[in-house]
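Breakdown of the fold
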Amino acid sequence: MTDEPDTSSSLLVDTFGRQQTYLRISVTDRCNFRCKYCMPEEGIDLAEREEVLSYEEITRLSRVFAAHGVNKIRLTGGEPTIRKGIVGLIKSLSQIDGIDSVALTTNGSTLEKQAAEFKAAGLCALNVSLDTLHKDRFAEVTGRDEFDRVMRGIDAALEAGIAPVKVNVVAMKGFNDDEFADFVAFTKDRPIHVRFIEFMPFAGNQWSQDRIVPFETMLTSIREKFDLQAQDRAHDHVSKDYVVPGHAGKVGFITSMTEDFCSGCSRIRLTALGELKTCLFFQPEMSLRDAMRGGASDEELAKLISDTVLKKRAGHPDLQRIVQVSRTSMVAIGG
Ligand code: SAM
Ligand code: SF4
């Protein structure tokens, strides 16, 4: 890693002046959980192994992105930790010039075993999905009886010294809307950043508008018990963050449905199949995998990426349109 990443390149600046600095890479479309809000009940058509980007391909593309101003990479999926060799990938990406941070989003099922290895490989930040603090509800929403293991995994990540550790909670009316204050209490003694995410519509995820718990509703509910104090927010920050005096951790809200943060969006996504996406809610723009396997040079790949970035729109579609165009499941897109 270098102290001075090259952010002078304009190749990754979109037509609205937003420099793309944050690459989210889905390393697999497979998952060992079956979260109802993410995975369609009937499952998804899984990609063949050779269709998925190899680690060498991911590393090469990451170098190209880093050479043009990307300084942060997040690995996601599907469940990234179930792909063999993920520790080696974290290590390779951490060593790329210009990459300041390699982060991971996981369901936490392997953390108990892997957290220390992740840390040693250079992992800088970890997001763990945990939508309830009730064991029975956990089994109901994920389809897996893994609550205790995930809780032990979160502790293992803290013990390994990974910081920050964030816990992502998808807020769903009728499921966990009585637990917001409990999650805030969870940050009392643990240096964890709990983030409540408004429920988003994707293919086959049992979404309906009346199941969204709006940010303001969550805030009101939590303020009945806790003194939430707003923190200053950077322009490109997706989470509205709050502290509670005396708590080791903090709380945030990702308000994708009621108040978007598109104007500061610096994210670009690579699917497990190597397609480039400029927004979670639009279909992929092009296949970097096919270009790479067709013999494209790094310069040609950079040009293709730049052309795609120039197509990035000002913001995501409005809610009605999102519902109409949500043809892909979250697990297949890569969250
Ligand atoms: N398997 C990993 C995990 O669960 O953290 C990584 C992939 S998952 C698709 C990435 C993130 O997307 C998770 O934090 C999950 O809670 C979030 N997510 C999935 N479906 C969602 C939805 N419908 N609305 C909001 N967030 C969602
Ligand atoms: Fe798997 Fe993560 Fe989707 Fe749950 S949210 S089904 S753990 S990819």
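Residues numbered from 1 in each chain as written. Chains lettered and ligands numbered in written order. Predicted model: local features only at pLDDT ≥ 70, side-chain atom pairs only at ≥ 80, totals over all residues. Heavy atoms only, no water.

**Comments concerning the packing of aromatic side chains**
Enumeration according to the criterion identifies 8 aromatic pairs in this entry. Each ring, one from phenylalanine 183 and one from phenylalanine 196, has its centre 6.1 Å from the other, and the planes form 85 degrees; the classification is edge-to-face. Taken together, the residues phenylalanine 183 in helix α6 (residues 180-186) and phenylalanine 196 in strand β6 (residues 192-198) connect sequence positions 13 residues apart. Accessibility assignment for this pair places phenylalanine 183 and phenylalanine 196 in one class, buried. Taking 5.6 Å as the distance between ring centres and 85 degrees as the angle between the ring planes, the aromatic pair formed by tyrosine 242 and phenylalanine 253 counts as edge-to-face. One end of the pair, tyrosine 242, is in strand β8 (residues 239-243); the other, phenylalanine 253, is in strand β9 (residues 250-254), with 11 residues separating them in the sequence. Using a relative accessible area of 9% as the deciding quantity, one classes tyrosine 242 as buried. Connected via pairs of aromatic rings, a cluster forms that spans Phe180, Phe183, Phe196, Phe215, Tyr242 and Phe253. (Phe/Tyr/Trp six-rings, centres within 6.5 Å; stacked < 30°, edge-to-face > 60°. Helix = DSSP H or I, 4+ residues; strand = E, 2+ residues; numbered from the N terminus. Buried < 20%, exposed > 50% of the residue type's maximum accessible area, 1.4 Å probe, protein only.)

**So, the site of ligand 2**
Neighbouring ligand 2 are the residues Cys31, Phe33, Cys35, Tyr37, Cys38, Gly78, Asn107 and Val331. Each residue belonging to the shell around ligand 2 can be placed in one class, and the counts come to 6 nonpolar, 2 polar and no charged. (Near = heavy atom within 4 Å. Nonpolar A, V, L, I, M, F, W, Y, C, P; charged D, E, K, R; others polar.)

**Describing the site of ligand 1**
Taken together, 20 residues surround ligand 1, and among them Tyr37, Gly78, Glu79, Ser129 and Met200 come closest. The contact in question runs from a nitrogen atom of ligand 1 to an N or O atom on the backbone of glycine 78, over 3.0 Å. Contact between ligand 1 and glutamate 79: a nitrogen atom at 2.9 Å from a side-chain N or O atom of the residue. Considering ligand 1 on its own, with 550 Å² of exposed area, one finds that the protein chains cover 96% of that surface. (Polar contact = N/O pair within 3.5 Å; in protein donor to acceptor, adjacent residues only side chain to side chain. Areas by Shrake-Rupley, 256 points an atom, 1.4 Å probe, with all protein chains shown as cover.)

These values are about where atoms sit, not about what they do.
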